[in-house]
Amino acid sequence: TERTFIAVKPDGVQRGLFPEILSRFFNKGYKLVAIKLTMANEPLLREHYADLQSKPFFPSLLSYMLSGPVLATVWEGKDVVKQGRILLGATNPLASAPGTIRGDFAVDMGRNIIHGSDSVETAEKEIALWFKKEELV
Ligand code: ATP
Ligand code: MG
């Protein structure tokens with residue numbers, strides 16, 4: 001079955017939003033298969049955001065993601081990659097509808113509280129990057 005990588009970013013963790021965020025995925029019917037509170041590090045983030053390395057906002061994205069612990073999770077279920085992106089809402093909170101996680105809890109693109117894999121292929125890479133095999137149940 002399909003799996004996706006969802007991470008509550010440092011501001012979401014610091015604001016205590018993760019119970020609400022986990023509930024939304026559970027309520028939708030998805031199964032939690034891995035979870036850990038972890039500090040990212042620069043090499044990991046450079047690989048995670050490899051496609052964004054040349055963007056002007058990359059340095060601030062790095063320092064944002066290093067500003068505190070991240071809640072890394074893996075969810076499993078039907079169409080979970082696409083559905084996960086729908087639950088998150090658009091990257092820019094100005095464009096994300098009320099009812100989505102970013103639409104309800106974020107105002108700033110640079111602090112948009114949550115990450116979700118954008119394709120099945122990316123999800124596989126991200127899960128392997130953030131978790132060891134034995135951490136997945
Ligand atoms: P994520 O990968 O975090 O789920 P996304 O796939 O919706 O978000 P990406 O294009 O992968 O968006 O960008 C990754 C992250 O980089 C965004 O979530 C946001 O925090 C930051 N970001 C993207 N574009 C900008 C921008 N123009 N200005 C500031 N930050 C940005
Ligand atoms: Mg992305």
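Structure: above.
Report follows, based on the coordinates. Please read these numbers as outputs of a predicted model, since none were measured by experiment.

What follows covers the side chain of arginine 24. With respect to the helices, strands and loops of the structure, arginine 24 is situated in helix H2 (residues 18–28). Those residues within four positions of arginine 24 in sequence are excluded, and the remaining contacts are Leu87, Gly99, Thr100, Ile101, Asp104 and Phe105.

This part is about H2. Here H2 has its buried residues at Ile21, Leu22, Arg24 and Phe25. One side of H2 holds all its buried residues, which, seen down the axis, span an arc of 150°. Where H2 terminates, the next one or two residues include glycine 29, which has phi positive at roughly 115°.

Once that is clear, we can look at the packing of H2 against helix H5 (residues 80–88). Where H2 meets H5, the axes come as close as 11 Å, and the angle between the chain directions of the two elements is 135°. As judged from the angle between their axes, H2 and H5 are oblique. Handedness of the crossing formed by H2 with H5: right-handed. Two secondary-structure elements touch here, H2 through Arg24, Phe25 and Lys28 and H5 through Gln83, Gly84, Leu87 and Leu88. Partitioning the contact of H2 with H5 into residue classes produces 3 nonpolar, 2 polar and 2 charged.

All right, on to the sheet that holds strand E3 (residues 70–76) then. Across the sheet, which stays open at both edges, the 4 strands sit in the order E2-E3-E1-E4 with antiparallel pairing between neighbours. Single-partner strands in this sheet number two, and they are strand E2 (31–38) and strand E4 (114–116). Taking the axes of each pair of neighbouring strands and ignoring which way they run, one obtains an average angle of 15° across the sheet. As paired strands, strand E1 (residues 3–8) and E3 are joined by 6 bridges and run antiparallel to one another. Each bridged residue has a counterpart across the sheet, and for isoleucine 6 the counterpart in E3 is threonine 73. Along the sheet, helix H7 (residues 120–130) makes contact with E1, E2, E3 and E4, crossing E1 at roughly 55°.

Bringing the packing of aromatic side chains into the picture now. Taken as a whole, this structure holds 4 aromatic pairs when the rule is applied. Judged by centre distance (4.8 Å) and plane angle (75°), the ring pair of phenylalanine 26 and tryptophan 75 falls under edge-to-face. You can see phenylalanine 26 sitting in helix H2 and its partner tryptophan 75 sitting in strand E3, a full 49 residues away along the chain. Its relative accessible area of 1% is what places tryptophan 75 among the buried residues. Connected via pairs of aromatic rings, a cluster forms that spans Phe5, Trp130 and Phe131.

Okay, the layout of surface pockets next. Its boundaries defined by the atoms lining it, the largest pocket holds a volume of some 760 Å³. In terms of lining residues, the largest pocket is bounded by 27 residues, among which Tyr49, Asp51, Leu52, Leu61 and His115 are the most central. Looking at the lining of the largest pocket, the elements that each hand over two or more residues are helix H3 (42–48), helix H4 (58–65), E4 and H7. The element best represented in the lining of the largest pocket is H7, accounting for 5 residues. For the lining of the largest pocket, the class distribution of residues is 10 nonpolar, 8 polar and 9 charged.

Rules and cut-offs
Residues numbered from 1 in each chain as written. Chains lettered and ligands numbered in written order. Predicted model: local features only at pLDDT ≥ 70, side-chain atom pairs only at ≥ 80, totals over all residues. Heavy atoms only, no water. Helix = DSSP H or I, 4+ residues; strand = E, 2+ residues; numbered from the N terminus. Contact = heavy atoms within 4.5 Å. Buried < 20%, exposed > 50% of the residue type's maximum accessible area, 1.4 Å probe, protein only. Arc of directions from axis to C-beta. Axes fitted to C-alpha atoms, helices over the stretch in contact; angles between N-to-C directions. Parallel < 35°, antiparallel > 145°, perpendicular 65-115°, else oblique. Left-handed = near helix turned anticlockwise from the far one by under 90°. Nonpolar A, V, L, I, M, F, W, Y, C, P; charged D, E, K, R; others polar. Pairing = 2+ DSSP bridges. Phe/Tyr/Trp six-rings, centres within 6.5 Å; stacked < 30°, edge-to-face > 60°. 1 Å grid on protein atoms, 1.4 Å probe; cavity = no way out; pocket = protein on both sides within 12 Å on 5 of 7 lines; lining within 4 Å. Points joined across faces, edges and corners; volume = space filled by probe spheres on them.

Note that all results are geometric; they support no functional claim without further evidence.
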